[in-house]
Amino acid sequence: MGDVQSRRGVFAVLLVGLMGACGEGAEDQDVNAGSQDKSPTVSRSTGVDTAAWIRELAIAGVTDLDMSKVEALTRDMCDDSQEELTTFASLQKDAGEPMDVLRINFRFVCPDQVDKLQAAEAQLENATDSVQEACDMEPTARTQDQQQLAELMGC
């Protein structure tokens, strides 16, 4: 798995971006969003339809991002393993952040990796369900695995 510090750095930058604290690059976004040209703004190096991406993020309630940074971070995450994505999804969940924005980012930057992201989310949900089941079960009825989960979670 990639180093945890790097993941935390990605999380921190995305979180800051989601909170609208990234002012850098806002001028470029305004130019793209208000362009008189009706053709989509496409990143020359990658083919990402930036204008459509910005519109989808805005619909999701996310604005004022430095799209070049978000694209670079998302591109980096596209190469992550399912296990690494599951860890990131766990961090997002712990921080109370929805995965919607990451799903949008993946659709625009690496659509061929969306299935891997969805599988990581499903794995996280299954793990969460297993923990909840272990915590809800009577201690005497728990399997050994459920007992270990319950002890780890303190329930």
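Our subject is the structure that appears above.
A. The overall build of the protein chain, seen in detail. Scanning the protein chain from terminus to terminus reveals eight helices and zero strands. Ordered by position in the sequence, the α and β elements of the protein chain form the string α-α-α-α-α-α-α-α. Across the 155 residues of the protein chain, 35% fall into the buried class. Taking the intrachain contacts of the protein chain between residues at least 6 apart in sequence as the baseline, contacts between residues at least 24 apart amount to 64%.

B. Region of interest: the state of the cysteines. A full pass over the atoms with the stated rule returns two disulfides. At a sulfur-sulfur separation of 1.8 Å, the disulfide partner of C78 is C110. Disulfide C78-C110: torsion about the S-S bond near -80°, hence left-handed. Pair noted here: C78 is in helix α4 (residues 67-78) and C110 is in the loop between α6 (100-109) and α7 (114-136), with a separation of 32 residues, a long-range link. The same class applies to C78 as to C110, namely buried. Sulfur-sulfur distance for the disulfide between C135 and C155 comes to 1.7 Å. With the S-S bond torsion at -75°, the cross-link from C135 to C155 turns out left-handed. One end of the pair, C135, is in helix α7; the other, C155, is in the segment after α8 (144-153), and 20 residues separate them in sequence.

C. Local environment of the packing of helix α3 (residues 50-59) against α6. At a minimum axis separation of 10 Å, α3 and α6 run at an interaxial angle of 165°. It follows from the interaxial angle that α3 and α6 lie roughly antiparallel. The element α3 and its partner α6 pack so that their crossing is right-handed. For the pair formed by α3 and α6, the contact residues are A52, W53, E56 and L57 on the first element and V101, I104, N105, R107, F108 and V109 on the second. Considering only residue class, the contact of α3 with α6 consists of seven nonpolar, one polar and two charged.

D. Local environment of α6. Extensive coverage of α6 is indicated by the burial of seven of its 10 residues. When α6 is considered as a whole, its buried residues turn out to be V101, L102, I104, N105, F106, F108 and V109.

E. Local environment of the nonpolar core. Residues W53, L57, L102 and F106 are the most contacted members of the largest nonpolar core, which totals 26 residues. Per element, the largest residue contribution to this core is six residues, and it comes from α6. Apart from residues lying up to four places away in sequence, W53 is in contact with V48, M67, V70, E71, I104, N105, F108 and V109.

F. Representation of the packing of aromatic side chains within the structure. If you walk through the whole model with that rule in mind, you get one aromatic pair. Judged by centre distance (6.1 Å) and plane angle (15°), the ring pair of W53 and F108 falls under stacked. Pair noted here: W53 is in helix α3 and F108 is in helix α6, with a separation of 55 residues, a long-range link. Classification of W53 by relative accessible area gives buried; the value is 0%.

G. Structural context of the environment of E151. Note on placement: E151 falls in helix α8. On a C-alpha basis, the gap between E151 and C135 in space is 9.0 Å, while along the polypeptide they are 16 residues apart.

Thresholds, definitions, all that
Residues numbered from 1 in each chain as written. Predicted model: local features only at pLDDT ≥ 70, side-chain atom pairs only at ≥ 80, totals over all residues. Heavy atoms only, no water. Helix = DSSP H or I, 4+ residues; strand = E, 2+ residues; numbered from the N terminus. Buried < 20%, exposed > 50% of the residue type's maximum accessible area, 1.4 Å probe, protein only. Contact = heavy atoms within 4.5 Å. Disulfide = S-S within 2.5 Å. Axes fitted to C-alpha atoms, helices over the stretch in contact; angles between N-to-C directions. Parallel < 35°, antiparallel > 145°, perpendicular 65-115°, else oblique. Left-handed = near helix turned anticlockwise from the far one by under 90°. Nonpolar A, V, L, I, M, F, W, Y, C, P; charged D, E, K, R; others polar. Core = buried A, V, L, I, M, F, W, Y, C linked by side-chain atoms within 4.5 Å. Phe/Tyr/Trp six-rings, centres within 6.5 Å; stacked < 30°, edge-to-face > 60°.

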